[in-house]
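Structural overview
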Amino acid sequence: MLFRPQHAAPLLATLGLLVGSAAHAQVPIAAATAGDSLSLETTVRSVLDANPAINALQEEVNQAQSRLEETRTALRPVVDGTASYTRVDPQVKLQLSPDAPAFQLAPNNNYDTHVTARYTVLDFGRVNAAIEAARNRALTASDQINVTRRDLAYAAAQSYYSILFAREAIRVQDSQIASLRQHQREMEKRVQGGVSTNFDVTTTQVRIAQAQDRKIDLQNQLRNQEIQLARLLHRPEGEVTPVRGRFEYNPQTVDVAAALAAGSSNRPEVKLAQDAEAAAAAQLRVAETSNKPSLSVLAQAGGKNGYIVPNLERFRFNTVAGAQLNVPIYDGGRNRTQRAVAQSAIKGAQARTQDTQEQVRADVLQAVNNMQTSTARYDNSQVQIEQATDALTRAKARYRYGVGNNLDVLDAETQLAQSRLSRLQSIYNYTLGQYQLRRATGEQIW
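The rules behind these values
Residues numbered from 1 in each chain as written. Predicted model: local features only at pLDDT ≥ 70, side-chain atom pairs only at ≥ 80, totals over all residues. Heavy atoms only, no water. Salt bridge = Lys/Arg side-chain N within 4 Å of Asp/Glu carboxyl O. Helix = DSSP H or I, 4+ residues; strand = E, 2+ residues; numbered from the N terminus. Buried < 20%, exposed > 50% of the residue type's maximum accessible area, 1.4 Å probe, protein only. UniProt positions renumbered as here; feature names shortened; annotations may be inferred. Domains from an automatic or database assignment. Contact = heavy atoms within 4.5 Å. Buried area = accessible area lost by both parts, 1.4 Å probe. Polar contact = N/O pair within 3.5 Å; in protein donor to acceptor, adjacent residues only side chain to side chain. Pairing = 2+ DSSP bridges. Axes fitted to C-alpha atoms, helices over the stretch in contact; angles between N-to-C directions. Patch = residues over 30% accessible without salt bridge, like charges linked within 9 Å, V, L, I, M, F, W, Y side chains within 5 Å. Areas by Shrake-Rupley, 256 points an atom, 1.4 Å probe, with all protein chains shown as cover. Phe/Tyr/Trp six-rings, centres within 6.5 Å; stacked < 30°, edge-to-face > 60°.

1. Brief notes about the pattern of salt bridges
If the charged atoms of two oppositely charged side chains come close together, the side chains can form a pair. In the structure shown here, the tally under the stated rule is 16 salt bridges. With a closest N to O distance of 3.2 Å, R45 and E41 form a salt bridge. With R45 and E41 both in helix 2 (residues 40-50), this residue pair falls four residues apart, about one helical turn. Of the residues examined, R45 reaches a relative accessible area of 42% and is grouped as partly exposed. The network of salt bridges with shared partners includes R150, D151, R267, E269, D363 and R439.

Shown next as structure tokens:
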């Protein structure tokens, strides 16, 4: 069976899905020194440390925390000081008799300084409801960071293993090309000995060109993945940092029930949905308390002039104390509308939570299914490699003794390379499936 270009489509498509919007510039495959290479852990940590989106989200958390502290200040008294001067002209003067001196009822120059303290004694939970709403906004901002870090870590792991996969695939192609070239040299010797024809040499050269064409495609995928990693690391496109590591098959046993339970409780999207529910409920409490009465007290102490007895200009100490009860009577239906909006938001948040839980379940089951499928394909590829290796040995022996033809050898070479790539593909898919499961269950990569 011939290995045509369309046979490589699934292999290349898998890599292509992970490339995203890669730049068109061609860069060296290994432009950095070995000391600069990154392991999986350092790759993920470097991506998380370099991404400015996390810093932006952290600032949003800081802002939400500041707004929460600002809301809490409503529980504390407010104290302020005031000083004023007023000049009033003219002022009323009274003269009780022709012989008595005239006196003013108020001074022309008025001075007043005082310190005022205000405190809300009772608001029927209005401030506490506002504090709870602010606290939920801060929690949502914090949980959003976890989602972003998780997505960045997963993208870094994808890029890391895609680079390793492409390198291993290129080695498989190099091995096939070397074997075909060795076969070509044998053909050339047989032609010189008059045993074979140039047709066999040409056919072998065609297969070599096809293998080299597939290698070029894989090299292009490798370059694109290195560009993608450079973008995640926020480094210049020309600065390609190679990764180091081994591409291995490490199967694991999965407890589906435990994975589903972990996803329902640990997945950050579930926490965000629950945050939205709590925020909507807090907003309803704010609406329910916004038209409640409030009672506040006031105390003031200071000094002013203007007291008629005994001296109008004398600056004297004075105090003021009072209480104020505010009772909303009619707001044009605003509070009723606010409650309706909040209740609708609660129902919407509950629906989104349910949808998120269902999505988590689907993600876990899909990841487990992908791992099981990759395991089956790995086992099958092992059998194919054994069969293809045996077929190649027999085809070479038959051709060497003149009872087989060159196409049998070429087909066996191609089938062996295809089986090796299939095994490599299954290892790659299984490895990504492991990280898909960790992502689906809310487990942190690092």
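Having seen it, we continue.
2. Observations regarding the UniProt feature "coiled-coil region" (unreviewed entry) in the protein chain
Under the UniProt annotation, "coiled-coil region" (unreviewed entry) lies at residues 208-235. Helix makes up 89% of residues 208-235 and strand 0%. Its end C-alpha atoms lie 37 Å apart.

3. So, the domain arrangement of the protein chain
Its domain assignment divides the protein chain into domain 1 (40-90 + 116-293 + 328-440) and domain 2 (299-327). One C-alpha centre belongs to domain 1, the other to domain 2, and the line joining them spans 69 Å. Between domain 1 and domain 2, the residue contacts involve five residues of the former and five residues of the latter. Between domain 1 and domain 2, the buried area comes to about 450 Å², and carbon and sulfur atoms account for 47% of it. Considering only the surface of domain 1 that becomes buried against domain 2, T116, P293 and P328 emerge as the three largest contributors, covering 74% of it. At the boundary of domain 1 and domain 2, one finds three residue pairs in polar contact (both at pLDDT 80 or more).

4. Things to note about the sheet that holds strand 5 (residues 294-304)
If you trace the four strands from one edge of the open sheet to the other, you get 1-4-5-6, paired in antiparallel fashion. The open sheet has two free edges, formed respectively by strand 1 (78-87) and strand 6 (316-326), since each of these has just one partner strand. Averaged over all neighbouring strand pairs, the angle between strand axes comes to 20°, with direction disregarded. Two strands pair when backbone bridges link them, and strand 1 and strand 4 (residues 109-122) are joined in this way by ten bridges, in the antiparallel orientation. The partner of T82 across the bridge, within strand 4, is H114.

5. Considering a nonpolar patch on the surface
On the surface, Y119, V121, L122, F124, L295, V297, L325, V327, I329 and Y330 cluster together into a nonpolar patch covering about 1,000 Å² of accessible area. Among the secondary structure elements, those contributing two or more residues to the nonpolar patch are strand 4 and strand 5. The leading source of residues in the nonpolar patch is strand 4, at three residues. Structurally, the position occupied by L295 is in strand 5. Residue classification places L295 among the partly exposed positions, given a relative accessible area of 30%.

6. Considering the packing of aromatic side chains
The way to describe two aromatic rings as a pair is by their centre distance and the angle between their planes. Inspection of every chain in the model, using the stated rule, returns six aromatic pairs. Measuring from centroid to centroid gives 4.6 Å for F165 and Y428, while their planes differ by 35°, and the two rings are tilted. Here F165 is found in helix 4 (residues 126-192), whereas its partner Y428 is found in helix 9 (residues 406-440), with 263 residues between them in sequence. Taken as a pair, F165 and Y428 share a single burial class, namely buried. Here the aromatic rings of Y249 and Y430 are separated by 5.3 Å at their centres, their planes lie at 65°, and the arrangement is edge-to-face. Linking Y249 in the loop between helix 5 (198-232) and helix 6 (256-266) with Y430 in helix 9, this pair joins segments that are 181 residues apart in sequence.

7. Observations regarding the environment of D275
With respect to the element layout, D275 can be found in helix 7 (residues 268-289). Sequence-distant contacts of D275, defined by excluding residues within four places in its chain, comprise N136, L139, T140 and D143.

8. With respect to unusual backbone geometry
With an omega of -10°, the peptide bond running from D89 to P90 counts as cis. Along the chain, the position of P90 falls in the loop between strand 1 and strand 2 (93-94). At F124, a residue that is not glycine, the phi angle is positive and equals roughly 60°. Counting through the fold element by element, F124 comes out in the loop between strand 4 and helix 4. A relative accessible area of 45% means that F124 is categorised as partly exposed. Of note, H234 is a non-glycine position whose phi angle comes to about 55°, a positive value.

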